[in-house]
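Secondary and tertiary structure notes
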Amino acid sequence: MPREGDQHARETAEAVARHSYGKLVAYLAAQTGDVARAEDALSEAFASALTDWPLHGAPQNPEGWLMAVAKRKIIDMVRRKKSSEKAAGHLRLLSEEMEAAAEASAEIPDDRLSLMFACAHPAIDPGIRAPLILQTLLGFDAATIASAFLVSPAAMGQRLSRAKHKIREAGIPFRIPDSSDLPERLDAVLESIYAAFAEGWSDSTGTESGRRNLAGEAIWLGRLVTALLPEAPEALGLLALMLHSEARRGARRNANGDYVPLAEQDPAAWDAQSIEEAEALLLRASGFGGLGRYQLEAAIQSAHAIRRLTGRSDWEAIRPHSTKRCQTSR
Amino acid sequence: MKYLLMVYGNEQAMTALSKETMEQAMAAYGAYTEAVKKAGIYLGSNRLRPTKSASTVRVAEGKTQVLDGPYAETKEQLGGYYMIDVPDLDAALSWAARCPGASHGSVEVRPIWEM
């Protein structure tokens, strides 16, 4: 009997972790300006859930439960660390703000985009932005990220914690930039997502056990950005580009695992659903104006994908833009 | 949050400027200082005399050692600073970019460690 409850609690916790991890970290980080503390508090909250839920049953609103516990952990952490009067004032403000936000709506506000902008801030080393987004929004551990980015786990862990430290100490804000800065700053976010995608894309097997597929996670992040910024044409372009590439994953290798060039791939092995979604996104992007790199690259992919219907790539559409790029495209 | 904007520039190039250019530069700094004050974020600012007037002090085993010159010989030198109080790094960076020093040298932005 207890075993059953245990199982149920674990499953509930896993489901919340999968669906809400990034949202919970983003909210806590935006409230405190401290990513590392938000992550620590949340992992402690998950640990509490795994001991509490099997005994008392999983709560009605597991997200809210975890958030409440994580907040208490944060307040404890601050209290332990600082004792000056100023810190006490800060603490009271923090807990009041958090209470108010919690009472205002049962819904946890979605600060994930703000968190992405903080991770891809110009004051953060460009090389660590993608790993930072993968860790904070998706909960990847340093070792997994390190193996994808081909660096040692220790070095990756150190670089991640240095970046989080920088966010806190330098006062990097958690918010969506003003419209004047938005295009440039969004570019940095998209570039990080694409970097994560590229790491997953070059992973020849993509099936290594215990390792989540980065390409799939990058597509998930791309969907998140387009959901939160539905009128950003380059965000739509990037998602289209990733979906077009992903559509050919199954056709990229033959039965022996050897690489199959694009021209020799069987279009029947491409994922029609992904291609259709990519085409629709590209069309939507073109309606907003503001052509950029990702839409162009997605358009080149689209001209190749047409072979699925016509039997040949649309070279006429591709050539004037960039012959070189599509020869190397795979 | 409080930030120190440290203005670095090439001293030698600065001293070689014509009187006219120098006056323009000073006017630009004057206008910038005014803008910082008007925004209500000003905590303080100063221009420093050139590094050839600098002395560096170090105490080792109770003995004071004084050296002629700056702490480090660099191509660009610290020439002045502004201390401002703004909500976050983005605000500090945009004020740093408006500083005349950012156009002829560089401005390092450092958060103040509040005690």
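My aim in this report is to walk through the structure given alongside it, one point at a time.

Right, let's get into the overall build of chain B. Helix and strand counts for chain B come out as 4 helices and 6 strands. In chain B, the succession of helices and strands from N to C terminus is β-α-α-β-β-β-β-α-α-β. Along the three orthogonal principal directions, the C-alpha set of chain B runs to about 45 × 45 × 20 Å. Looking at chain B residue by residue over its 115 residues, the buried ones come to 17%. Across chain B, the fraction of contacts at a sequence separation of at least 24, relative to all contacts at a separation of at least 6, is 75%.

It is worth spelling out the overall build of chain A at this point. Looking only at helices and strands, one finds 16 helices and 0 strands in chain A. The buried share among the 330 residues of chain A stands at 38%. Of the contacts made within chain A by residues no fewer than 6 positions apart, 67% connect residues no fewer than 24 positions apart.

With that settled, consider the interface of chain A and chain B. Each side of the interface is counted separately: chain A has 6 residues, and chain B has 5 residues. Residues that form the side of chain A that touches chain B fall into these classes: 4 nonpolar, 1 polar and 1 charged.

With that out of the way, let us pick up the packing of helix H6 (residues 126-138) of chain A against helix H8 (residues 153-170) of chain A. Residues and elements named next belong to chain A. Relative to each other, H6 and H8 sit at 85°, their axes nearing to 10 Å. Put simply, H6 runs roughly perpendicular to H8. Contacts from Ile128, Pro131, Leu132 and Gln135 in H6 reach Met156, Arg159, Leu160 and Ala163 in H8.

What follows concerns unusual backbone geometry. One non-glycine residue, Leu150(A), lies in the positive phi region at around 55°. Structurally, the position occupied by Leu150(A) is in the loop between helix H7 (142-148) and H8. A count of 9 C-beta atoms within 10 Å places Leu150(A) in the exposed class. Not every positive phi belongs to a glycine, and Glu61(B) is a case in point at roughly 50°. On the neighbour-count criterion, Glu61(B) (4 C-beta atoms within 10 Å) is exposed.

Attention now goes to the packing of helix H11 (residues 233-247) of chain A against helix H12 (residues 272-286) of chain A. Residue and element names in this part refer to chain A. Following both chains from N to C, one finds H11 and H12 inclined at 160°, their axes separated by 8 Å at the closest point. The angle between H11 and H12 places the two elements in the roughly antiparallel class. The chirality of how H11 crosses H12 is left-handed. From H11, Pro233, Leu236, Gly237, Leu239, Ala240, Leu243, His244, Glu246 and Ala247 reach across to H12, where they touch Ser274, Ile275, Glu277, Ala278, Leu281, Leu282, Arg284 and Ala285. Its residues assigned to classes, the contact of H11 with H12 shows 11 nonpolar, 3 polar and 3 charged.

With that out of the way, let us pick up the environment of Leu42(A). Residues and elements named next belong to chain A. Inspection of the secondary structure assignment puts Leu42 in helix H2 (residues 35-56). As a C-alpha pair, Leu42 and Ala278 span 236 residues in sequence and 35 Å in three-dimensional space. Contact partners of Leu42, with chain neighbours within four places excluded, come to Leu24, Val25, Leu28, Leu66 and Ala70.

Take H6(A) next. All names here are of chain A. A rise of 1.5 Å per residue sets the reference length of H6, with its 13 residues, at 18 Å; its end C-alpha atoms lie 19 Å apart and thus fit the reference within 8%. Taken residue by residue, H6 has Ile128, Arg129, Ala130, Pro131, Leu132, Ile133, Leu134, Gln135, Thr136, Leu137 and Leu138 as its buried positions. Remark: Gly139 follows H6 within two positions and exhibits a positive phi of approximately 80°.

As a further point, take helix H5 (residues 112-119) of chain A. The α-helix winds at 3.6 residues per turn, so residues separated by three or four positions along the chain end up facing the same way. With 8 of 8 residues buried, H5(A) is to be regarded as a mostly interior element. Taken as a whole, H5(A) has its buried residues at Arg112(A), Leu113(A), Ser114(A), Leu115(A), Met116(A), Phe117(A), Ala118(A) and Cys119(A).

Here we come to the sheet that holds strand E5 (residues 77-85) of chain B. All names here are of chain B. Taken in spatial order, the 4 strands make up an open sheet running E2-E5-E1-E6, and their pairing is antiparallel. Each edge of the sheet is formed by a strand with only one pairing partner; in this case those strands are strand E2 (42-47) and strand E6 (106-111). The average angle at which neighbouring strand axes cross in this sheet is 20°, direction not considered. Alignment of strand E1 (residues 2-9) against E5, held across 8 bridges, turns out to be antiparallel. Along E5, the bridge assignment pairs Met6 with Tyr81. The strands touched by helix H3 (residues 89-98) within the sheet are E1, E5 and E6, with E6 carrying the most contacts at an inclination of about 155°.

What counts as what
Residues numbered from 1 in each chain as written. Chains lettered and ligands numbered in written order. Predicted model: local features only at pLDDT ≥ 70, side-chain atom pairs only at ≥ 80, totals over all residues. Helix = DSSP H or I, 4+ residues; strand = E, 2+ residues; numbered from the N terminus. Buried ≥ 20, exposed ≤ 12 C-beta atoms within 10 Å, placed from the backbone. Contact = placed C-beta atoms within 7 Å. Nonpolar A, V, L, I, M, F, W, Y, C, P; charged D, E, K, R; others polar. Axes fitted to C-alpha atoms, helices over the stretch in contact; angles between N-to-C directions. Parallel < 35°, antiparallel > 145°, perpendicular 65-115°, else oblique. Left-handed = near helix turned anticlockwise from the far one by under 90°. Expected span 1.5 Å × (residues − 1). Pairing = 2+ DSSP bridges.

Nothing here speaks to function; it is all geometry.
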